Amino acid sequence: QVQPAESGGGLVQAGGSLRLSCAAPERTFSSYTVGWFRQAPGNERDFVAAISFSGATTYYAESVKGRFTISRDNAKNTVYLQMNSLKPEDTAVYYCAADFADRATMFDYEYNYWGQGTQVTVSS
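The rules behind the values
- Residues numbered from 1 in each chain as written.
- Predicted model: local features only at pLDDT ≥ 70, side-chain atom pairs only at ≥ 80, totals over all residues.
- Heavy atoms only, no water.
- Helix = DSSP H or I, 4+ residues; strand = E, 2+ residues; numbered from the N terminus.
- Buried < 20%, exposed > 50% of the residue type's maximum accessible area, 1.4 Å probe, protein only.
- Disulfide = S-S within 2.5 Å.
- Phe/Tyr/Trp six-rings, centres within 6.5 Å; stacked < 30°, edge-to-face > 60°.
- Lys NZ or Arg CZ within 6 Å of the ring centre and 35° of its normal.
- Core = buried A, V, L, I, M, F, W, Y, C linked by side-chain atoms within 4.5 Å.
- Contact = heavy atoms within 4.5 Å.

**Student:** Can you help me understand unusual backbone geometry in this one?
**Tutor:** If a residue is not glycine, its phi is most likely negative; likewise, a peptide bond is most likely trans. Phi at N77 takes a positive value of approximately 55 degrees, unusual for a residue other than glycine. Its place among the elements puts N77 in the loop between strand 7 (68-73) and strand 8 (78-83). Since its relative accessible area comes to 12%, N77 is described here as buried. In this structure, S85 takes a positive phi of about 50 degrees despite not being glycine. Among the structural elements, S85 can be located in the loop between strand 8 and strand 9 (92-99). Overall, S85 belongs to the partly exposed group, its relative accessible area being 41%.

**Student:** Got a minute to help me understand the state of the cysteines in this structure?
**Tutor:** In protein chemistry, a disulfide is the covalent bond that joins the sulfur atoms of two cysteines. The tally for this structure, following the rule as stated, stands at 1 disulfide. Disulfide pairing places C22 opposite C96 at an S-S distance of 2.1 Å. Taking the sign of the S-S torsion, about 70 degrees here, the bridge from C22 to C96 comes out right-handed. Of the two residues, C22 is situated in strand 3 (residues 18-23) and C96 in strand 9; the sequence distance between them amounts to 74 residues.

**Student:** Got a minute to help me understand the packing of aromatic side chains in this structure?
**Tutor:** Working definition: an aromatic ring pair is given by the centre-to-centre distance plus the angle between the planes. Inspection of the entire model under this criterion finds 8 aromatic pairs. Taken together, a centroid distance of 5.0 Å and an interplanar angle of 50 degrees make the contact between Y32 and F100 tilted. In this pair, Y32 is assigned in the loop between strand 3 and strand 4 (33-39) and F100 in the loop between strand 9 and strand 10 (113-114), connecting sequence segments 68 residues apart. Among the residues examined, Y32 registers a relative accessible area of 4% and is labelled buried. Under the relative-accessibility criterion, F100 is labelled exposed at 58%. When the centroid spacing of 5.5 Å and the interplanar angle of 20 degrees are considered together, the rings of F107 and Y109 count as stacked. Of the residues examined, F107 reaches a relative accessible area of 40% and is grouped as partly exposed. What links up through ring pairs into an aromatic cluster is the set F37, F47, Y59, Y111 and W114. The ring centre of W114 lies 3.9 Å from the NZ or CZ of R45, which sits over that ring.

**Student:** Looking at this structure, how should I read the nonpolar core?
**Tutor:** Grouped burial of nonpolar side chains is what soluble globular proteins tend to show. With 34 residues, the main nonpolar core has W36, L81, M83 and Y94 as its most contacted residues. Counting residues per element, the ones that place at least two in this core are strand 3, strand 4, strand 5 (46-51), strand 7, strand 8, strand 9 and strand 11 (118-123). Sequence-distant contacts of M83, defined by excluding residues within four places in its chain, comprise G16, S17, L18, L20, R67, F68, Y94 and V120.

**Student:** How should I be thinking about the environment of L20 in this particular structure?
**Tutor:** Examined against the element boundaries, L20 turns out to sit in strand 3. What makes L20 buried here is its relative accessible area of 0%. Taking the C-alpha atoms as reference points, L20 and Y94, separated by 74 residues in sequence, lie 8.6 Å from one another. Look past the residues within four positions of L20 in its chain and what remains in contact with it is S7, G8, G9, W36, V79, Y80, L81, M83, Y94, T118 and V120.

Shape descriptors only; they carry no functional weight alone.
Next comes the structure, spelled out in structure tokens:
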């Protein structure tokens, strides 16, 4: 069992960058696949990116491919989401989630442990 927590959200202008972090205090976090999801007001929760526990496999939604990069530092029990060329439509609450398996999946039901979310707002 892990307790992931997001940080790094904020307000940024269109075209700007933010880096989100997802950290957990448990040393076993390095054995979990981690995914990022986002939910805008009135919308369903959408997949953004995922990374396997080894870091060997990554997976992105088409809408963020080429702009966002997911990575992890297992020595720090942290997964990052580098977001570049941000657009107003990227505005949402961003959640990280963990799954005790080595698969980078886009399906939210595969993830058992969720953070509380961090707000990202992109102004035009």
